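Breakdown of the fold
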Amino acid sequence: MSGPRAETVSPQAMRRDSAQPRSRMGLLVGGGLALYSVVLIASGTAGKQIDALLDNADARSLDTVANVWEQHIENMRAYLVSQVRVLSEDVRVRSLVMVAKLDEGTLNDTLADLRTASGSSCMAVLDATGKVKGVTGADSLRGADLGTAPVFTQAMTGSASDVWTLSDRVLAVAVAPIKAAGRVAALLVIGLDLGDSALRIAEKSFGGAGAVFAGERMIASRSSDPALTTALQSGRLGGPGVDSLIEVGGKGFRARAIRIGDSAAAARIVWMIPRSHGNNVARYLKVIIWSPAVVVVLLLAFVALQRPRTT
């Protein structure tokens, strides 16, 4: 009586059977790597788009700051024009400039009283040629000849306004003629400091730090961090309307210099804001963007650990 016949398996069949799991594993790993590459490229592209969006948001914030400043300056100029028209008709001023010999001391005292009453930063009286005959609140204008200033020519026919950059300050000014018998006998100048007021508006509305420069001199600044003063100096070096990226203490800032006035020697305001790349929202967005790539890596590692071991 014969027993059951044992079946033998050829070495070739054993190799085929063991190759099948390896082949499936290779397909899985290959597909996973391909998926990881796609996710990595997509995450990198999305990250660049987020960076561009954040940069655009920062630039728009500085655009808004610039627009607020321009509107603030225009409002100041309009206010000064309305004030100088009234003050140029003040009998106290007219009675002093109409005399044959001007009493500078009395004129300065009168201007000081009017400056206090009007809340202006400075006041001055010019003769018909543009020479300063009396001034209060702006000693750097004493004895100056302003006959070549564009606003002087405009004011000979009516009230006009401008922005002046002095050695130690920036002024929004308005000039009005003081007429006698149909001719211009003198001109009245009234001015308000621009520096600190413009910086206060930006700080209150947008945060950050800023400074006003007249030439190489910083004449006003507002910052809660003294370390930003040097950074503001660097930001000033950028051309008007050109943004500068500055790093201070490991933090990134975006700065822009804006010219106050039309002349080449006009003062500039520099304002800087923290870059959006460093805030918490940006960090969360980057975590979300790169999380799919991390998930794919973890899945690949899990699959690799499930690979059957050969004995």
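For the structure given in this document, a descriptive report is provided here. (Residues numbered from 1 in each chain as written. Predicted model: local features only at pLDDT ≥ 70, side-chain atom pairs only at ≥ 80, totals over all residues. Heavy atoms only, no water.)

Focus: helix H3 (residues 104–118)
Along its 15 residues, H3 runs 21 Å from first to last C-alpha, staying within 8% of the 21 Å computed at 1.5 Å per residue. Where H3 is concerned, the buried positions are Leu 107, Asn 108, Thr 110, Leu 111, Leu 114 and Ser 118. Projected down its long axis, H3 carries its buried residues within an arc of 165°, all on one side. Opposite the buried face of H3, at more than 90 degrees from it, the exposed residues are Asp 109, Asp 113, Thr 116 and Ala 117. Following H3 by one or two positions, Gly 119 has its phi on the positive side, about 75°. (Helix = DSSP H or I, 4+ residues; strand = E, 2+ residues; numbered from the N terminus. Expected span 1.5 Å × (residues − 1). Buried < 20%, exposed > 50% of the residue type's maximum accessible area, 1.4 Å probe, protein only. Arc of directions from axis to C-beta.)

Describing the sheet that holds strand E9 (residues 251–260)
With respect to topology, 5 strands assemble into an open sheet ordered E7-E6-E10-E9-E8, the strand pairing being antiparallel. Two strands bound the open sheet, and with one partner strand each, they are strand E7 (217–222) and strand E8 (243–248). When strand polarity is set aside, the average angle formed by the axes of neighbouring strands in this sheet is 25°. As defined by bridge partners, strand E6 (residues 209–214) adjoins E7 across 5 bridges and the pair is classed as antiparallel. Each residue of the ladder has a partner; that of Ala 214, found in E7, is Arg 217. Where helix H5 (residues 195–206) meets the sheet, it contacts E6, E7 and strand E10 (267–274), and its direction lies at approximately 35° from that of E7. (Pairing = 2+ DSSP bridges. Axes fitted to C-alpha atoms, helices over the stretch in contact; angles between N-to-C directions. Contact = heavy atoms within 4.5 Å.)

Section: the packing of aromatic side chains
Evaluation of the coordinates by the stated rule reveals 1 aromatic pair. A ring pair is formed by Trp 69 and Trp 271, whose centres lie 6.2 Å apart and whose planes are at 85°; its orientation type is edge-to-face. Taken together, the residues Trp 69 in helix H1 (residues 11–87) and Trp 271 in strand E10 connect sequence positions 202 residues apart. In this structure, Trp 69 and Trp 271 share a single accessibility class: buried. (Phe/Tyr/Trp six-rings, centres within 6.5 Å; stacked < 30°, edge-to-face > 60°.)

Quick word on H5
Over its 12 residues, H5 extends 17 Å from the first C-alpha to the last, a length consistent with the 16 Å expected when each residue adds 1.5 Å. Turning to H5, its buried residues number three or more, namely Gly 195, Ser 197, Ala 198, Leu 199 and Ala 202.

Focus on the side chain of Asp 127
As for its placement among the helices and strands, Asp 127 is situated in strand E1 (residues 122–127). On the basis of relative accessibility, which here comes to 17%, the residue Asp 127 falls in the buried class. Residues contacting Asp 127, with those up to four places away along its chain left out, are Lys 133, Phe 152, Ala 185, Ala 186 and Leu 187.

Here's the deal with the pattern of salt bridges
Counted according to the given criterion, the structure contains 9 salt bridges. The partner of Arg 92 in a salt bridge is Asp 90, with the nearest N and O atoms 3.1 Å apart. Given a relative accessible area of 17%, Asp 90 falls into the buried group. Within the structure, one salt-bridge network assembled from shared partners comprises Asp 63, Asp 243, Arg 254 and Arg 256. (Salt bridge = Lys/Arg side-chain N within 4 Å of Asp/Glu carboxyl O.)

Section: the environment of Gly 134
You can see Gly 134 is positioned in strand E2 (residues 132–136). Its relative accessible area of 1% is what places Gly 134 among the buried residues. When the C-alpha positions of Gly 134 and Leu 188 are compared, they lie 9.7 Å apart, and in sequence the two are 54 residues distant. Those residues in contact with Gly 134, other than ones at most four positions away along the chain, are Leu 107, Asn 108, Leu 111, Met 123, Ala 124 and Val 125.

Remarks on the nonpolar core
In terms of nonpolar packing, the biggest core is built from 40 residues, with Trp 69, Val 125, Leu 188, Leu 194, Ile 260 and Trp 271 touching the most fellow members. Per-element tally for this core: the top contributor is H1, with 10 residues. Ignoring anything within four residues of it in the chain, the contact list for Val 125 reads Val 93, Val 97, Leu 107, Leu 111, Lys 131, Val 132, Lys 133, Gly 134, Ala 186, Leu 187 and Leu 188. Core analysis: the second largest hydrophobic core is formed by 22 residues, Trp 164, Val 184, Leu 187 and Val 189 among them. (Core = buried A, V, L, I, M, F, W, Y, C linked by side-chain atoms within 4.5 Å.)

Quick look at the pairing of E6
For E6, a buried count of 6 out of 6 residues is recorded, marking the element as mostly surrounded by other parts of the structure. Burial along E6 is two-sided: Ala 209, Ala 211 and Phe 213 and Gly 210, Val 212 and Ala 214, pointing in opposite directions, are all buried. Pairing between E6 and E10: 5 bridges, direction antiparallel. Paired with Ala 209 across the bridge in E10 is Met 272. What sits between E6 and E7 in their antiparallel hairpin is a turn of 2 residues, with Gly 215 showing a positive phi close to 65°.

Structural notes on the pairing of E1
In terms of burial, E1 is a largely internal element, 6 of the 6 residues being buried. Pairing geometry for E1 and E2, over 4 bridges, is antiparallel. For Val 125, the partnering residue across the bridge sits in E2 and is Gly 134. What sits between E1 and E2 in their antiparallel hairpin is a turn of 4 residues, with Gly 130 showing a positive phi close to 100°.

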